[in-house]
Amino acid sequence: MSKPYTAIQIVMMPRDTNPTGTIFGGVILSYIDMAGSVAAGREVSLRGGRQGLAYVTVAINRVEFKKPVMVGDVVRFMTSCVRIGRTSITMHINVEAERGRETLQVTEAEVVYVGIDPTSAERRPTILLSATTHNEN
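About the criteria used
Throughout, residues of each chain are indexed from 1 in the direction in which the sequence is written. pLDDT decides what is reported in this predicted model: residues at 70 or higher carry local features, side-chain atom pairs at 80 or more are listed and counted, and totals for whole chains, interfaces and linings draw on all residues regardless. By convention in this description, side-chain values take in all heavy atoms of the structure and omit both hydrogens and water. Secondary structure follows DSSP: runs of H or I at least 4 residues long count as helices, runs of E at least 2 residues long count as strands, and numbering of each begins at the N terminus. A 1.4 Å probe rolled over the protein chains alone gives each residue an accessible area, and that area as a share of the maximum for its type sets the label: buried under 20%, exposed over 50%, partly exposed in between. We call two residues contacting when some pair of their heavy atoms lies within 4.5 Å. Reported accessibility uses the Shrake-Rupley method at a 1.4 Å probe radius. Residues are deemed covered only where the shown protein chains occlude them. His is not counted, nor are the chain ends, whereas Lys and Arg count as positive and Asp and Glu as negative. For charged residues, the charge sits on one atom: NZ in Lys, CZ in Arg, CG in Asp, CD in Glu. As used in this structure description, the phrase polar contact means that two N or O atoms lie within 3.5 Å; if the pair is within protein, one of them must be able to donate a hydrogen and the other to accept it, and residues adjacent in sequence are counted only when both atoms belong to side chains. Here the rule is simple: two strands pair whenever DSSP picks up at least two bridges between them. In a helix, the anticipated span is given by 1.5 Å times the number of residues less one. pLDDT: the predictor's confidence for each residue, scored from 0 to 100.

### Topic: the overall build of the protein chain
When its secondary structure is counted, the protein chain shows one helix and five strands. Of the regular secondary structure in the protein chain, the N- to C-terminal order runs β-α-β-β-β-β. Its C-alpha atoms give the protein chain principal-axis dimensions of about 50 × 30 × 20 Å. Within the span of the protein chain, comprising 137 residues, buried residues form 43% of the whole. For the protein chain, the proportion of contacts with a sequence separation of at least 24, taken over those separated by at least 6, is 68%. As displayed, the protein chain offers around 7300 Å² of accessible surface, 53% of which is attributable to carbon and sulfur atoms. Across the protein chain, the 15 positively charged side chains and the 13 negatively charged ones have centroids separated by 3 Å.

So this is what it looks like as structure tokens:
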């Protein structure tokens, strides 16, 4: 796995709560998806791969909600690359909530993305790394 990278960090707001007063799981999922996509592009770029690609979600292999997220928590989405294939990249996303002096691991996920050329009409998966830069984890 690659070195962890904080892809996004956000304060949870009252608009994102469910009737129990905690943050909706779907809100956390949307941020997981965003963080993984941002980090996928960064990882491919750092490895000398294709520039200007958009990363779209192909699969969410696993999500584990460990603890509830509360209004006011500062939530960090820490990402690391699990593997890079020809056209796909698998990212691990660890979600931490800062609550006062505590930092809690609240959610963990593994998401698969493919890179597409957003300017092409077909929007088919495209090769991420050239043969000389490809390095599977």
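### Quick notes on the side chain of Glu-108
Here Glu-108 shows up in strand 5 (residues 102–116). A distance of 2.8 Å separates a polar atom in the side chain of Glu-108 from a polar atom in the side chain of His-92. Sequence-distant contacts of Glu-108, defined by excluding residues within four places in its chain, comprise Arg-62, Val-63, Glu-64, Lys-66, His-92, Ile-93 and Asn-94.

### Thoughts on the pairing of strand 5
Burial of strand 5 is extensive: twelve of the 15 residues sit out of reach of the surface. As paired elements, strand 2 (residues 54–65) and strand 5 share ten bridges and run antiparallel to each other. Among the inter-strand pairings, Ile-60 is bridged to a residue of strand 5, identified as Val-111. Relative to strand 5, strand 4 (residues 88–99) runs antiparallel, the two sharing twelve bridges. Across the sheet, the residue bridging to Ile-93 is Ala-109, located in strand 5. In textbook terms, the turn of a hairpin is the stretch between consecutive antiparallel strands, and for strand 4 and strand 5 this stretch comprises two residues, one of which, Gly-100, has a positive phi near 65°.

### Describing helix 1 (residues 25–46)
Between its terminal C-alpha atoms helix 1 stretches 31 Å, which fits the 32 Å expected from 22 residues at 1.5 Å a residue. Considered for burial, the residues of helix 1 that qualify are Val-27, Ile-28, Tyr-31, Ile-32, Ala-35, Gly-36, Ala-39, Ala-40, Glu-43 and Val-44. Residues of helix 1 that are buried sit in contact with strand 1 (5–11), strand 2, strand 3 (74–84), strand 4 and strand 5.

### Examining the confidence of the model for the protein chain
On average, residues of the protein chain score 93 in pLDDT, and 95% of them are at 70 or above. No element of the protein chain has a lower mean pLDDT than strand 1, at 96, and none a higher one than strand 4, at 98.

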